[in-house]
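# Analysis of the macromolecular model
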Amino acid sequence: MATVRTGKVNYFRQLKMAVLYPGNEAGSALDRNNRIAVFLFAILPGLSPNFNSFILLASMVWGAYCLATGSLALNLSKSDRLVAIGMSIYPLVMIASIFINPPYSEELDWIFRLLPFFSVWLILPRMRQSPDGSLVPLFILGAGIGMIVTFLFSLLQIMFLMERAEAGTSNAALLGVIGVLFGGIALLNVQSPRSVEQRIAILGYAAGLGCVLLSGTRSAWLVIPVHIVIFLWYFRKHSFHLSLRSLAITSSLLLAGLIALGSGQVLHRIEALQENLTSLERSDGEITSIGARFALYKGALSAISKDPLTGYGPQNRMASVLAELPENIRPQLPYSHVHNGFLTAGIDAGVFGIAALSLMLLTPVIGAWRKEAGPGRDLAIALALLLFSSYVITGSFGIMFNQKALDPIFAYLVALICADRGSTAFAPVVRS
């Protein structure tokens, strides 16, 4: 037992060395900064998403400085440029819609919110200064560690404070999106030959699902079976070092624990859904969660049909939707978006907004698919599909973009997916 405990302590000491002291070769200082940023970015989404925004902004500013002074070259491939342009079209369309549709209101604030989508141009050249294949495994490991800590935080909230867990996000729905995405990313580390990393992968995935259950985010539940299909495709092509017997036993125990901890929250959310559906048949004027969504969808579709080309601008989003709804229910809809990312983009910038959003959602898949064949390409495709499905499914019923946590996460992951060559084989973070 003492030997196992010492082994774990040694692993985390080696992990610290791998992050903080990657080597003494030229460029190691920039590589170290990349490793610290990537590792923290993976750990923090469920604990402090504002810090993720800070990491992205700091990386963009430093990247712009390095490019301006010539210490870094842009050096993007044709595929990189395609992804960066696809990412940039969405914010450009939204900025155009702001100035096409008066009255102008807080336009600088809206433009600042759109800056993360330009980040690939600035942070991808920085990421390329690290050795090929070194950052993605570090991000995957950090996602597992972050989900474990976030789950413990969420569990304490449910036990003592809240009906629905939020962890450090201040929004239960946001925790659900982060939990299902980063838990899925964490599980990819099952392929690591290091037993400690395998355990973190399985625990991180279980913790991510635990966050989804404790947050009561029903749209995130719909993502889980899609992610399972992605895992089956990826692990069928790439063997992992954990025995099937050990995996089955561990998974069964964790599943039983999740059911025991989350069953109450799941039943509560299902009952709430049933009550909401039943209330739709009443006409007493009270708006429930489901009723509010239907009203917002109806108002959004009506508004889009009246101005399908240019939309209304994000600054006029809710005013244009509420104008299409009966006056008696408007005070019951104090939202900043219509709980569907595609309709929100349509309200903001018409069909051009929907097209730009769809292209941006596909950029991680495009970037991964265009890599040269090899294990790095398969890993990039798995990451891209996890990212794409998480945002599309949850965003079709709730939050997608225009959010200070989800925007930086998407942009940073797109850059990370592009960073490695397709021929790069997966390697554990701690290799000694």
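Definitions and limits used
Residues numbered from 1 in each chain as written. Predicted model: local features only at pLDDT ≥ 70, side-chain atom pairs only at ≥ 80, totals over all residues. Heavy atoms only, no water. Helix = DSSP H or I, 4+ residues; strand = E, 2+ residues; numbered from the N terminus. Buried < 20%, exposed > 50% of the residue type's maximum accessible area, 1.4 Å probe, protein only. Contact = heavy atoms within 4.5 Å. Areas by Shrake-Rupley, 256 points an atom, 1.4 Å probe, with all protein chains shown as cover. Expected span 1.5 Å × (residues − 1). UniProt positions renumbered as here; feature names shortened; annotations may be inferred. Phe/Tyr/Trp six-rings, centres within 6.5 Å; stacked < 30°, edge-to-face > 60°. Lys NZ or Arg CZ within 6 Å of the ring centre and 35° of its normal. Axes fitted to C-alpha atoms, helices over the stretch in contact; angles between N-to-C directions. Parallel < 35°, antiparallel > 145°, perpendicular 65-115°, else oblique. Left-handed = near helix turned anticlockwise from the far one by under 90°. Nonpolar A, V, L, I, M, F, W, Y, C, P; charged D, E, K, R; others polar. Arc of directions from axis to C-beta. Salt bridge = Lys/Arg side-chain N within 4 Å of Asp/Glu carboxyl O. Patch = residues over 30% accessible without salt bridge, like charges linked within 9 Å, V, L, I, M, F, W, Y side chains within 5 Å. 1 Å grid on protein atoms, 1.4 Å probe; cavity = no way out; pocket = protein on both sides within 12 Å on 5 of 7 lines; lining within 4 Å. Points joined across faces, edges and corners; volume = space filled by probe spheres on them.

## Focus on the overall build of the protein chain
In terms of regular secondary structure, the protein chain is built from 17 helices and zero strands. Within the protein chain, the proportion of its 432 residues that are buried is 54%. Counted over contacts in the protein chain with a minimum sequence separation of 6, partners at least 24 positions apart contribute 78%. When the accessible surface of the protein chain is split by element, carbon and sulfur atoms take 66% of a total near 19000 Å².

## Regarding helix H2 (residues 28-43)
Here H2 contains 16 residues, and its C-alpha end-to-end distance of 22 Å stays within 8% of the 22 Å for a straight helix at 1.5 Å per residue. Among the residues of H2, those classed as buried are Ser28, Leu30, Asp31, Asn34, Arg35, Ala37, Val38, Phe39, Phe41, Ala42 and Ile43.

## Here's the deal with the UniProt feature "transmembrane region" (unreviewed entry) in the protein chain
Under the feature "transmembrane region" (unreviewed entry), the UniProt entry names residues 54-75, 82-104, 139-160, 172-190, 202-235, 247-267, 342-367 and 379-402. Helix and strand shares over residues 202-235 are 91% and 0% respectively, and the end C-alpha atoms of the span are 14 Å apart.

## Structural notes on the packing of aromatic side chains
Going through the model one piece at a time under the given rule, you end up with 15 aromatic pairs. One aromatic cluster is present, built from ring pairs that chain together Tyr90, Phe117, Tyr391, Phe401 and Phe410. Positioned over the ring face of tryptophan 110 is arginine 113, at 4.1 Å from the centre of the ring. The ring of tryptophan 369 carries arginine 377 above its face, with NZ or CZ at 4.7 Å from the centroid.

## Digging into the packing of helix H6 (residues 120-127) against helix H17 (residues 406-419)
Viewed as axis vectors pointing N to C, H6 and H17 meet at an angle of 40°, and their least axial separation amounts to 9 Å. Regarding the angle of H6 to H17, the classification is oblique. Crossing of H6 over H17 shows right-handed handedness. Across the interface between the two elements, Val120, Ile123, Leu124 and Met127 from H6 touch Ala411, Tyr412, Val414, Ala415, Leu416, Cys418 and Ala419 from H17. Taken together, the residues that form the contact of H6 with H17 break down as eleven nonpolar, no polar and no charged.

## Remarks on helix H3 (residues 49-69)
End to end, H3 covers 30 Å across 21 residues, agreeing with the expected 30 Å (1.5 Å per residue, within 8%). Of the positions making up H3, those classed as buried are Pro49, Asn52, Ile55, Leu56, Ser59, Met60, Gly63 and Cys66. The buried residues of H3 occupy an angular sector of 135° when the element is viewed end-on, so they sit on one face. Away from its buried face by more than 90 degrees, H3 exposes Phe54, Val61 and Ala68.

## Description of the pattern of salt bridges
Evaluation of the coordinates by the stated rule reveals six salt bridges. Here glutamate 324 and lysine 306 are joined by a salt bridge, their closest N and O atoms 2.9 Å apart. Residue glutamate 324 is located in the loop between helix H14 (317-322) and helix H15 (341-369), and its partner lysine 306 is located in helix H13 (residues 289-306); the two are separated by 18 residues in the primary sequence. Of the residues examined, lysine 306 reaches a relative accessible area of 57% and is grouped as exposed. Arginine 317 is the partner of aspartate 348 in a salt bridge, and the nearest nitrogen-oxygen pair spans 2.7 Å. Here aspartate 348 is found in helix H15, whereas its partner arginine 317 is found in helix H14, with 31 residues between them in sequence. Like arginine 317, aspartate 348 is buried.

## Things to note about the environment of serine 192
Within the secondary structure, serine 192 is located in the loop between helix H8 (172-187) and helix H9 (195-215). Taking the C-alpha atoms as reference points, serine 192 and phenylalanine 426, 234 residues apart in sequence, are found 7.8 Å from one another.

## Examining a nonpolar patch on the surface
A surface patch of nonpolar side chains, about 560 Å² in accessible area, is lined by Leu156, Met159, Phe160, Leu161 and Met162. Examined against the element boundaries, methionine 159 turns out to sit in helix H7 (residues 135-160).

## Some thoughts on the environment of glycine 86
Turning to its location among the elements, glycine 86 is positioned in helix H4 (residues 78-100). Relative accessible area serves as the criterion here: at 4%, glycine 86 is assigned to the buried category. Between the C-alpha atoms of glycine 86 and leucine 357, which are 271 residues apart in sequence, the distance is 9.3 Å.

## Examining the packing of helix H16 (residues 375-395) against H17
Remark: H16 packs on H17, axes separated minimally by 10 Å, with the N-to-C direction vectors making an angle of 160°. Between H16 and H17, the angle falls in the class roughly antiparallel. Between H16 and H17 the crossing geometry is left-handed. Counting all contacts with H16, which are made through Ala380, Leu383, Ala384, Leu387 and Tyr391, the residues of H17 involved are Leu406, Ile409, Phe410, Leu413, Val414 and Ile417. Across the contact of H16 with H17, the residue classes break down as eleven nonpolar, no polar and no charged.

## Observations regarding empty space enclosed by the protein
What the rule picks out here adds up to two cavities of 30 Å³ or more. Reported here for the largest cavity is a volume of approximately 110 Å³. Taken together, 14 residues make up the lining of the largest cavity; nearest its centre are Val136, Gly376, Leu379, Ala380 and Asp420. Among the secondary structure elements, those contributing two or more residues to the lining of the largest cavity are H7, H16 and H17. Here the lining of the largest cavity is built from residues that sort into nine nonpolar, three polar and two charged. By volume, the second largest cavity is sized at about 60 Å³. Forming the boundary of the second largest cavity are Asn34, Ala37, Val38, Ser59, Ile123, Arg126, Met127 and Tyr412. Its residues placed into classes, the lining of the second largest cavity shows five nonpolar, two polar and one charged.

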